[in-house]
Amino acid sequence: MSAGEILLNAFFYVFALVALGGALAVAISTNIVRSAFALLAVLFAAAAFYAFMRADFVFAAQILIYVGGILVLIIFAIMLTHRITDVKVSNDSSHGPAAFFACLCVLFSLVVVIATYKWNRGVAPTEVEVAGDTAAKRPPVRLHLGMLQGDGKTGAVRGGMILEGRGFLTVETRELPPGWTGARIQIARAQKAAKAGDPPPWVAHKWAEGASTVEARDLPLEAKPAGAHAASLELTGLPAGKYRWSVALVPEAAGASPSPAAGFGASGESAACDFTVEAGLSRPIGMALMGPYLLPFEVVSVLLLAALIGAAFLARKEVKP
Amino acid sequence: MTPLAFISWEALRNAPWFMALAAIFAVCFIIVNFIAVYAGVNTLLERKLAAHMQSRVGPYQVGPHGSLQWLADALKLMFKEDVIPRDTDKALFRLAPYIVFGGSFAAWAALPLTVGWSPASFNIGILYVLAVSAAVVIGILMAGWSSGSKWSLFGAMRSAAQIVSYEVPIGLVLIGMLLVYGSLDMVEIARAQEHGAPFGLAQDRTFGVLSWGVFRHGVFSIIGFLIYYIGALAETNRTPFDIPEAESELVAGYHTEYSGMRFSFFFLAEYANMFVVAAIATTFFLGGCNPPFMNHAHAGATLTAALVLGGFAWGATRSWEWAALALSAGAGAMLMAGPFLWPATDVFWGGGGPDSPAAKAQGLLWFFVKAFSLVLLMMWLRWTLPRYRVDQLMDLCWKKLTPLAFLCLFAIGVGEAHWAGAVALSAAGVLFMLWLFIREVLAPEHAPAPLPRVSP
């Protein structure tokens, strides 16, 4: 663990302490106004956790909605309620065993979710075939192309998209016949089309590796158990945009040119191995909410309508007959 | 993207931890001290401006023409006794000023102060600024409640109600402009105003002033700018919307019970907030850090036009008001005419590309000139307009600004779909306003409606 990561972890624990302390204050304070203000610390710390998880849009939405909207509403309700601070019976500690049981249930379901969720879920690997060479006695090879997000260990991959230009491209094959040594990976980036409606032209993209920039990268296919071979390329600092990556296999024989995978290449037609680099979560969330999830999103807002009607019903004037 | 890229997670992870800490600390240190000095100078400026508008001289004892008065004020506030009244909720009373100041200070991190640079690079820029501003509302409510004073509580409730209400038209206008720019990143928003012309025509050329957001959709973006500016006045509790601290009704509103350093934190927050809302207006509507000139000749021509017209007006009338009016008219006309006289494909940075130090310095200069002009306008309005009543304030927000903001959002959406829609809607808007002007101002048929009655 580098010193920078230690620093980030220290920040994380500070926010965790703030969240827990605030939650404790909300629960045990006998002054309801202080409880409401302690909620501020909890909500801000929770927003900070979203920032730690690179969910920048959710971070801002959390503060905007919960602090700017809901908390202000709560405080308004408390302040406008007559003599509410005189009530000292809030938070009595009866029903201990029942509360303990409820907490146990929540803990259990959390553990189950954390243990069973597939955290390091890649995009479904795309299969491509590299043509063989009968003269050189190299049989064809099937390759599985995949992609991993972030540091390659944690964080889920959201279908063909990497955040902040940091991710892994992976090449796997179940078996590697003799005659091949490694994989050559090239990346093309979509440029702005000259006319609206035209397909974007693809231009080979050079990316930074250490101090130099490279256009293609030959990776040795490392042996895995059961005859499988795999290679992965880490990418950092790609600017946001649409990308397409292509793979070619490098033959063992000196001087032979690499053999591209079927249907690929910088001008290839296959869209299966396109990926986008997002600068943040705002665009994917917007696309999801206004696209496939439009109907569920709108249906959920009926809940708010119900709450509104309920509030209007509660706030109405009693009409005496 | 930014020279201080240490603030990005990626660089923070890779850099040595002390470098990362030092970078964060340096940025915070510079901004905090800048806000302190800026707010101090602003208090003096506001007092001087008020004095001259009321035919007084204002502070005159400390330094030449009282120019060091703000230092004396700061020293006084620092050494003053920190009084905490008996009936306060001590912990919350102590905490509140820092939350208010923290909210307005945090927003500075995302402001695009110069070309392609903001103190921290955010891709959710404007959303972040609006989000952290929520802390200001909470802090004000906290101060008002914990003071244990009726005046404070009234002030806090009024302030929170006002800020929450005016966030609606402001948010709608900003959403409309976001349709134009297609990014939440404020650096990107400023960059999007380097090119383009009103109604989305000619995307690949620079049109100087005409490329700015305020002209992007004709009358509707201009109305949007006005709605934003009115809303910003209310959000910062400035006159004519200063009912939360109305001196004649509430002593001083939510900070009535504060003294010394804690009081000055409220002051710093107020001036920092004024700059933040002015900076958002600059970024969204006035082209951010982009210069208004097309080239050297244009700059010279603008200066000449302003001086010649202003000089003529001064010579003819011997009145400063007419001279200032003619000067502004000359400069404005030349700024608008420039893009047609000197066509250009790229922003003029006085030699050097957008990454050169000269361009960075110019960007900083233009950003502060624009934002500070809007702040000065706020001060001017403060000593010009009387205060609104609570019901008038809410009436203006919910019955006038919000529907207008919806109209702007609709019109900008249509205009973004096709430029012809923008032109047609703008023409219809101009005709409607002309008709309204003729009917209500030139030929009023009936007397204005009586003011609504409120029971005290």
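Residues numbered from 1 in each chain as written. Chains lettered and ligands numbered in written order. Predicted model: local features only at pLDDT ≥ 70, side-chain atom pairs only at ≥ 80, totals over all residues. Heavy atoms only, no water.

As a further point, take the overall build of chain A. When its secondary structure is counted, chain A shows six helices and 14 strands. Considering only intrachain contacts with a sequence separation of at least 6, the fraction spanning at least 24 residues in chain A is 64%. (Helix = DSSP H or I, 4+ residues; strand = E, 2+ residues; numbered from the N terminus. Contact = heavy atoms within 4.5 Å.)

So, about helix α12 (residues 296-317) of chain B. All names here are of chain B. With 22 residues, α12 extends 32 Å from end C-alpha to end C-alpha; this agrees with the ideal 32 Å at 1.5 Å per step. Inspection of α12 places His-298, Ala-301, Thr-302, Ala-305, Ala-306, Gly-310 and Ala-313 among the buried residues, and these make up the whole buried set. End-on view of α12: buried residues confined to an arc of 145 degrees, all on one side of the axis. Projecting away from the buried face of α12 at angles above 90 degrees are the exposed residues His-296, Leu-303, Leu-307 and Phe-312. On its buried side, α12 packs onto α13 (320-341). (Expected span 1.5 Å × (residues − 1). Buried < 20%, exposed > 50% of the residue type's maximum accessible area, 1.4 Å probe, protein only. Arc of directions from axis to C-beta.)

Now for the domain arrangement of chain B. Residues and elements named next belong to chain B. You can read the domains of chain B as domain 1 (1-79) and domain 2 (83-291 + 383-438). Here the C-alpha centroids of domain 1 and domain 2 sit 21 Å apart. Facing 23 residues of domain 1, the contacting portion of domain 2 comprises 24 residues. The interface formed by domain 1 and domain 2 holds one salt bridge in total. A salt bridge links Arg-238 to Glu-46, with the nearest nitrogen and oxygen atoms 2.5 Å apart. (Domains from an automatic or database assignment. Salt bridge = Lys/Arg side-chain N within 4 Å of Asp/Glu carboxyl O.)

Attention shifts here to the packing of helix α9 (residues 219-235) of chain B against helix α14 (residues 357-382) of chain B. Residues and elements named next belong to chain B. Viewed as axis vectors pointing N to C, α9 and α14 meet at an angle of 65 degrees, and their least axial separation amounts to 11 Å. Handedness of the crossing formed by α9 with α14: right-handed. Between α9 and α14, the residues in contact are Phe-225, Tyr-229 and Leu-233 and Leu-374, Leu-377, Met-378 and Leu-381, respectively. When its residues are assigned to classes, the contact of α9 with α14 shows seven nonpolar, no polar and no charged. (Axes fitted to C-alpha atoms, helices over the stretch in contact; angles between N-to-C directions. Left-handed = near helix turned anticlockwise from the far one by under 90°. Nonpolar A, V, L, I, M, F, W, Y, C, P; charged D, E, K, R; others polar.)

Residue and element names in this part refer to chain B. The residue Ser-55 is not glycine, and still its phi comes out positive at about 55 degrees. Mapped onto the fold, Ser-55 is located in the loop between α2 (17-53) and α3 (69-79). Its identity as a non-glycine residue notwithstanding, His-65 has a phi of 55 degrees, on the positive side. Tracing the backbone shows His-65 in the loop between α2 and α3. Taking the relative accessible area as the measure of exposure, His-65 reaches 52% and is therefore exposed.

Scanning the entire structure with this criterion turns up 29 aromatic pairs over all chains. Between Phe-59 of chain A and Tyr-128 of chain B the ring centres are 6.3 Å apart and the planes differ by 20 degrees, which places this aromatic pair in the stacked class. Residue Phe-59 of chain A is located in helix α3 (residues 56-80), and its partner Tyr-128 of chain B is located in helix α5 (residues 125-132); the two belong to separate chains. With respect to burial, Phe-59 of chain A and Tyr-128 of chain B carry one shared label: buried. Arranged with centres 6.1 Å apart and planes meeting at 70 degrees, the rings of Tyr-38 of chain B and Phe-372 of chain B form a pair that is edge-to-face. In this pair, Tyr-38 of chain B sits in helix α2 while Phe-372 of chain B sits in helix α14, placing the two residues 334 residues apart along the sequence. Under the relative-accessibility criterion, Tyr-38 of chain B is labelled buried at 8%. An aromatic cluster of three or more residues is present, and its members are Phe-34, Tyr-38, Trp-108, Phe-275, Phe-367, Phe-368 and Phe-372 of chain B. (Phe/Tyr/Trp six-rings, centres within 6.5 Å; stacked < 30°, edge-to-face > 60°.)

Our focus in this paragraph is empty space enclosed by the protein. Over the atoms rolls a probe the size of a water molecule, and in doing so it shows where empty space is left. All names here are of chain B. All told, the structure shown has five cavities of 30 Å³ or more when counted by the stated rule. The space that makes up the largest cavity amounts to roughly 170 Å³. Considering the residues around the largest cavity, the lining is formed by 16 residues, among which Leu-130, Ser-133, Glu-235, Asn-273 and Val-277 are closest to the centre. Listing elements by their share of the lining of the largest cavity, those giving two or more residues are α5, α6 (134-146), α7 (150-181), α9 and α11 (260-285). (1 Å grid on protein atoms, 1.4 Å probe; cavity = no way out; pocket = protein on both sides within 12 Å on 5 of 7 lines; lining within 4 Å. Points joined across faces, edges and corners; volume = space filled by probe spheres on them.)

So, on to the pairing of strand β4 (residues 167-173) of chain A. Residue and element names in this part refer to chain A. For β4, a buried count of six out of seven residues is recorded, marking the element as mostly surrounded by other parts of the structure. Strand direction decides the pairing type here: β4 and strand β11 (residues 229-235), joined by seven bridges, are antiparallel. In the sheet register, Leu-169 faces β11, and the bridge partner there is Leu-233. (Pairing = 2+ DSSP bridges.)

What follows concerns the pattern of salt bridges. All names here are of chain B. Evaluated as defined, the whole model comprises twelve salt bridges over all chains. The salt bridge partner of Glu-46 is Arg-382, with a shortest N-O separation of 3.1 Å. Placement of Glu-46 in helix α2 and of Arg-382 in helix α14 is noted, with a sequence separation of 336 residues between them. The exposure class assigned to Glu-46 is buried, which follows from its relative accessible area of 3%. With a relative accessible area of 24%, Arg-382 lands in the partly exposed category.

Taken together, the side chains of Leu-431, Leu-434, Phe-437, Ile-438, Val-441 and Leu-442 of chain B make up a nonpolar region of the molecular surface, amounting to roughly 600 Å² of accessible area. Among the secondary structure elements, Leu-434 of chain B is positioned in helix α16 (residues 419-442). (Patch = residues over 30% accessible without salt bridge, like charges linked within 9 Å, V, L, I, M, F, W, Y side chains within 5 Å. Areas by Shrake-Rupley, 256 points an atom, 1.4 Å probe, with all protein chains shown as cover.)

Further remarks concern the environment of Pro-240 of chain B. All names here are of chain B. Residue position: Pro-240 is located in the loop between α9 and α10 (247-250). You can call Pro-240 buried: its relative accessible area is 4%. Once the C-alpha coordinates of Pro-240 and Gln-69 are considered, the two residues, 171 residues apart in sequence, prove to be 26 Å apart. Ignoring anything within four residues of it in the chain, the contact list for Pro-240 reads Leu-233, Leu-385, Pro-386, Arg-387 and Tyr-388.

Here we take up the confidence of the model for chain B. Residues and elements named next belong to chain B. Looking at chain B, pLDDT values average 84 and 94% of them are 70 or higher. For chain B, the element scoring lowest by mean pLDDT is helix α1 (residues 9-14), at 53; α9 scores highest, at 91. Note that pLDDT drops below 50 for residues 1-9; the model gives that stretch 27 contacts with residues more than four away or on any other chain. Interface scoring of the predicted complex returns ipTM 0.79; its pTM is 0.79. (pLDDT = per-residue confidence, 0-100.)

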